[in-house]
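Spelled out from the first residue to the last, the chains are:
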Amino acid sequence: MRLPLFLMTLSLALFSLTAKALPTESRVPGGIAIVDLGLPSSEPAPEVTYDGYRVMVVDQEGQWTAVAGISLKATVGKAQELKFSGKTLTFQLDDKAYPEQRLKIKQRKYVEPDPKQVARWKRESAEQKSAYKLFTKNEDPILTLAMPAEGPYSSAFGLKRFFNDQPRAPHSGLDIAAPDRSPIKAAAKGKVTAVGDYFFNGNTVIIDHGHGLSTMYCHMSQIDVKVGDQIDLGQQIGLVGATGRVTGPHLHWGVSLNNQRVDPLLFVQP
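A brief look at the structure comes next. For clarity, every value in this text was computed on a predicted model and none was experimentally measured.

1. Details of the overall build of the protein
Regarding its fold elements, the protein presents two helices and 20 strands. Across its three principal axes, the protein shows a C-alpha extent of roughly 70 × 40 × 30 Å. Within the protein, buried positions represent 46% of all 270 residues. A separation threshold of at least 6 residues defines the contact pool for the protein, and within that pool the share at least 24 residues apart is 67%. Here the protein carries 31 positive and 27 negative side-chain charges, and the mean point of each set is 6 Å from the other.

Below you can see the structure in the form of structure tokens.
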């Protein structure tokens, strides 16, 4: 028997209240795991941790669901553990072979920094990590992000990097080859938690979007915001530049989820 049109419309409306557009799941190092916790959302939301950090939890079709960022350093073949309410849920990772990228850096200090520069980098790294570790629970979690700049992708997420043939940490963001001094816009609403002129990252802004999600914007030529500012989706926060360790003007866009850097494109809807 066919349902009356108004009942069909009501059913679709109710479904849309609980079925959210989630990030793209990719259970690989640097990806995102979306895990049904087996608890109805009629119960209080559980506090879930992964690798010691609190994880975003969303109501998905009446069930509490974890949205967990996976470290680029995560070990494939080792069970990954989500812990909550005295329980442990495990999931496995698939391997992903990220390609290599070899770059020539003209300024030697960005490849072989002296002790003073290393000390500066360590101070700045601690400041940025403090911003990444925040877990603010203000309203519904943000599950999709907008592109912060217009331009081709010049360096993909996860690349195995070599500077002047010396191995370095994998690329933890997405490089967008936007024109010099073109606008950079916030990928979602949030609060500015860090602003600085950092040794490697140059002029940088970090925005907290709540529930363990934050975005990072690096190598800017100009910063238009300050720590504590409340930012709207699409608001200009600065201009593209070539500050810090770069080979030319571009925006390095990073996304951190439960203090793990993940592929930003997983949050961008096609």
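Here the narrative resumes.
2. Digging into the nonpolar core
Counting 35 residues, the largest nonpolar core has Leu145, Tyr217, Ile237 and Trp253 as its most contacted members. Those elements that provide at least two residues to this core are β1 (32-40), β4 (56-60), β12 (174-176), β15 (202-210), β16 (213-223), β18 (236-240) and β19 (251-257). The element contributing the most residues to this core is β19, with four residues. If we ignore the near neighbours within four places in the chain, the residues touching Leu145 are Ala187, Ala188, Leu213, Thr215, Trp253, Val255, Phe267 and Val268. By size, the runner-up hydrophobic cluster in this structure holds 17 residues, among which are Val35, Leu39, Ile70 and Phe91.

3. Details of the layout of surface pockets
One number sums up the size of the largest pocket: a volume of about 1,300 Å³. Looking at the largest pocket, it is lined by 42 residues, and the ones nearest its centre are Ala169, Pro170, Ser172, Asn201 and Arg245. Elements supplying a minimum of two residues to the lining of the largest pocket: β8 (100-103), α2 (115-132), β9 (153-155), β10 (160-163), β16, β19 and β20 (260-262). Broken down by element, the lining of the largest pocket gets its largest block of residues, six residues, from α2. Here the lining of the largest pocket is composed, by residue class, of 16 nonpolar, 17 polar and nine charged.

4. A short note on the sheet that holds β4
If you walk across this open sheet you meet the three strands as β1-β5-β4, and the pairing is antiparallel. Two strands lie at the open edges of the sheet, namely β1 and β4, each paired on one side alone. Between one strand and the next, the sheet's axes are offset by a mean angle of 30°, whatever the strand orientation. Both β1 and strand β5 (residues 63-69) contribute to a ladder of six bridges, which runs antiparallel. For Asp36, the partnering residue across the bridge sits in β5 and is Thr65.

5. With respect to the pairing of strand β7 (residues 87-91)
Relative to β7, strand β6 (residues 80-84) runs antiparallel, the two sharing five bridges. Opposite Leu82, over in β7, you have Leu89 as the bridge partner.

6. Observations regarding α2
Under the 1.5 Å per step criterion, the end-to-end length of α2 is 26 Å for 18 residues, consistent within 8% with the ideal 26 Å. Among all positions in α2, only Gln117, Glu124, Ser125, Gln128, Ala131 and Tyr132 are buried. The buried side chains of α2 occupy one side of the element, clustering within an arc of 110° when seen end-on. Seen from the buried face of α2, the exposed residues on the opposite side, beyond 90 degrees, are Pro115, Lys116, Lys122 and Arg123. Between a side-chain oxygen at the N-terminus of α2 and the backbone nitrogen of Lys116 the separation is 3.1 Å; the capping residue is Asp114.

7. Some words on the pattern of salt bridges
A complete count under the given rule lists ten salt bridges for this structure. Among the salt bridges present, the one from Glu112 reaches Arg108, with a minimum N-O distance of 3.0 Å. Accessibility expressed as a relative area gives 38% for Glu112, which makes it partly exposed. Of the charged contacts in the structure, one is a salt bridge between Arg161 and Asp175, with a shortest N-O distance of 3.5 Å. Of this pair, Arg161 sits in strand β10 while Asp175 is found in strand β12, placing the two residues 14 residues apart along the sequence. Across the pair, exposure class does not vary: Arg161 and Asp175 are buried alike. Because the salt bridges share partners, they merge into one network encompassing Glu100, Arg102, Lys104 and Asp165.

The rules behind the values
- Residues numbered from 1 in each chain as written.
- Predicted model: local features only at pLDDT ≥ 70, side-chain atom pairs only at ≥ 80, totals over all residues.
- Heavy atoms only, no water.
- Helix = DSSP H or I, 4+ residues; strand = E, 2+ residues; numbered from the N terminus.
- Buried < 20%, exposed > 50% of the residue type's maximum accessible area, 1.4 Å probe, protein only.
- Contact = heavy atoms within 4.5 Å.
- Lys, Arg positive; Asp, Glu negative; His and termini not counted.
- Charge placed at Lys NZ, Arg CZ, Asp CG, Glu CD.
- Core = buried A, V, L, I, M, F, W, Y, C linked by side-chain atoms within 4.5 Å.
- 1 Å grid on protein atoms, 1.4 Å probe; cavity = no way out; pocket = protein on both sides within 12 Å on 5 of 7 lines; lining within 4 Å.
- Points joined across faces, edges and corners; volume = space filled by probe spheres on them.
- Nonpolar A, V, L, I, M, F, W, Y, C, P; charged D, E, K, R; others polar.
- Pairing = 2+ DSSP bridges.
- Axes fitted to C-alpha atoms, helices over the stretch in contact; angles between N-to-C directions.
- Expected span 1.5 Å × (residues − 1).
- Arc of directions from axis to C-beta.
- Polar contact = N/O pair within 3.5 Å; in protein donor to acceptor, adjacent residues only side chain to side chain.
- Salt bridge = Lys/Arg side-chain N within 4 Å of Asp/Glu carboxyl O.

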